[in-house]
Amino acid sequence: MSDAPTTSAGTESDGPTRSGTGGHPGTTEATISTSTTPPSERTQKTVVRPGDRIFGSLATGSAILISVIIGAIAVFLVWRAVPALQRNTVNFLTSSEWVTQDVQAMAFGVLDLFQVTVLVSLFALALAMPVALGIAIFLTTYCPGRIKKPLAYVIDLLAAVPSIVYGLWGVLVLAPFLRPIASWLNTTFGWFPLFATGSGSIAGGGTIFTAGIVLAVMILPTIAAVSREVFVQTPVAHIEAALALGATRWEVVRTTIIPFGKSGYVSGSMLGLGRALGETMALYLILRTTSAGFSWSLFDGGATIASKIALGYAEFNNDIQAGAYIAAGLVLFVLTFLVNAAARMVVAGKRD
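Regarding the pattern of salt bridges
Within the structure shown, the criterion is met by three salt bridges. Notably, a salt bridge pairs Arg 80 with Asp 319, separated by 3.5 Å at the nearest N-O pair. Residue Arg 80 is found in helix H2 (residues 50-86), and its partner Asp 319 is found in helix H11 (residues 319-351); the two are separated by 239 residues along the sequence. Residue Arg 80 is classed as partly exposed on the basis of its relative accessible area, which comes to 21%. Asp 319 gets classed as exposed once you look at its relative accessible area, which sits at 52%. Three or more residues are tied together by salt bridges with common partners; here these are Asp 156, Arg 228 and Glu 229.

A look at the packing of aromatic side chains
Applying the stated rule across the entire model yields 13 aromatic pairs. When the ring of Phe 92 is compared with that of Phe 108, the centres are 5.7 Å apart and the planes differ by 70°; the resulting orientation is edge-to-face. Of the two residues, Phe 92 is situated in the loop between H2 and strand E1 (98-99) and Phe 108 in strand E2 (residues 107-108); the sequence distance between them amounts to 16 residues. Residues Phe 92 and Phe 108 agree in their burial class; the two are buried. Seen in terms of ring centroids, Trp 184 and Phe 189 are 5.6 Å apart; in terms of plane orientation they differ by 85°. Their pairing is edge-to-face. Owing to a relative accessible area of 30%, Phe 189 belongs among the partly exposed residues under this scheme.

Comments concerning unusual backbone geometry
With a phi close to 60°, Trp 296 is a non-glycine residue in the positive phi region. Residue Trp 296 is classed as partly exposed on the basis of its relative accessible area of 37%.

Examining empty space enclosed by the protein
Counting across every chain of the model gives two cavities of 30 Å³ or more. The calculated volume of the largest cavity comes to roughly 40 Å³. Every residue along the wall of the largest cavity is listed here: Ala 175, Leu 178, Arg 179, Ala 182, Ser 201, Ile 202, Gly 205, Thr 207, Phe 209, Thr 210 and Phe 299. Of all the elements, helix H5 (residues 163-188) adds the most residues to the lining of the largest cavity, at four residues. Per-class residue counts for the lining of the largest cavity are six nonpolar, four polar and one charged.

Remarks on the nonpolar core
Side chains of a nonpolar character, in soluble globular proteins, are inclined to be buried together. Counting residues in each nonpolar core, the largest one holds 72 residues, and the members touching the most others are Phe 108, Ile 208 and Phe 209. At 13 residues, the largest contribution of residues to this core is made by H11. Setting aside residues no more than four positions away along its own chain, Ile 208 makes contact with Val 116, Leu 119, Val 120, Phe 123, Leu 287, Phe 294, Ser 297, Leu 298 and Asp 300.

As for helix H3 (residues 111-142)
Between its first and last C-alpha, H3 extends 46 Å over 32 residues, near the 46 Å set by a 1.5 Å rise per residue. In the structure, H3 departs most strongly from a straight axis at Ala 128, where the bend amounts to approximately 25° and where the proline Pro 130 lies between one and four residues downstream.

Notes on the packing of helix H7 (residues 236-244) against helix H8 (residues 249-278)
Packed helix pairs are characterised by how far apart their axes lie and by the angle those axes make with each other. Packing of H7 against H8 brings their axes to within 10 Å, and their N-to-C directions diverge by 145°. Crossing of H7 against H8: the hand is right-handed. Across the interface between the two elements, His 238, Ile 239, Ala 242 and Leu 243 of H7 pack against Val 252, Thr 256 and Ile 257 of H8. For the contact of H7 with H8, a count of residues per class yields five nonpolar, two polar and no charged.

Reading guide: rules and limits
Residues numbered from 1 in each chain as written. Predicted model: local features only at pLDDT ≥ 70, side-chain atom pairs only at ≥ 80, totals over all residues. Heavy atoms only, no water. Salt bridge = Lys/Arg side-chain N within 4 Å of Asp/Glu carboxyl O. Helix = DSSP H or I, 4+ residues; strand = E, 2+ residues; numbered from the N terminus. Buried < 20%, exposed > 50% of the residue type's maximum accessible area, 1.4 Å probe, protein only. Phe/Tyr/Trp six-rings, centres within 6.5 Å; stacked < 30°, edge-to-face > 60°. 1 Å grid on protein atoms, 1.4 Å probe; cavity = no way out; pocket = protein on both sides within 12 Å on 5 of 7 lines; lining within 4 Å. Points joined across faces, edges and corners; volume = space filled by probe spheres on them. Nonpolar A, V, L, I, M, F, W, Y, C, P; charged D, E, K, R; others polar. Core = buried A, V, L, I, M, F, W, Y, C linked by side-chain atoms within 4.5 Å. Contact = heavy atoms within 4.5 Å. Expected span 1.5 Å × (residues − 1). Bend = angle between axes of the 7 residues up to and from the residue. Axes fitted to C-alpha atoms, helices over the stretch in contact; angles between N-to-C directions. Left-handed = near helix turned anticlockwise from the far one by under 90°.

Spelled out as structure tokens, the structure:
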């Protein structure tokens, strides 16, 4: 008889083995993983295609380039304005004088220019915003389908008209038409500062009143186009739900479409305001310059910052004199930047 030890199957001394629950005897128990990451995420690899990489680089480069250009413009304005500001004998921000002929004793201030720019722009915005809102609502909700596109094209074409054409139309056509309306407003509401007799000529039409109406027509297509494109994106399910609850068409507009597109409407309005602040040729032709002080009346004359720069173009052959106008342009640059920043804050708040 052999003396070799006998062992039962599955109990080899190669290593301990245990049978799993419900498994066959002798099968090795699987290793239990302690990782909390799902297997799909552990094995998934991000694939970056060449087209994605190129597009991402172009987008990033474009954003950086625009930021650099804006910064370079700001640096240029400051660099060219400082020599003139150093020779200024009055406070640049609080004075209304503008005497730049003697570069050794210059006296120039931006106060009246700033006030005229703000008043004419706000007046134009107050006229254009309600009309643009009505146009956008009509085109997206009430307009018959067969005339919707042609009417939208006609309104958009207003943005393509050169500003000098608007200026000529304002001086030769609109000003004579508005003369009796302006006279009635001045006579009836002259007790209110906004309609009081100003430094401009109501009969001649070269006032902020005429300029503001022309400017409102100019910025109207911008506000209407942006608002229309946002309103048309209102989810159909929201509109159908409101109709199913018995809402009228106006109630659908008031409770669904306007709340959804309010941020876009504000953005379009701020774009229009940005154009109004920087408009030059139309206001150059309409507004009549005056030496009288600004009184915050719609019947004042004067000049905006942009039109004043255009008026003083003949003095740009001297760097110091040009620096005075560049300093005014710097104020307009900062004002436009602040308006755009405020608009973004408003839009972000409404989105939240």
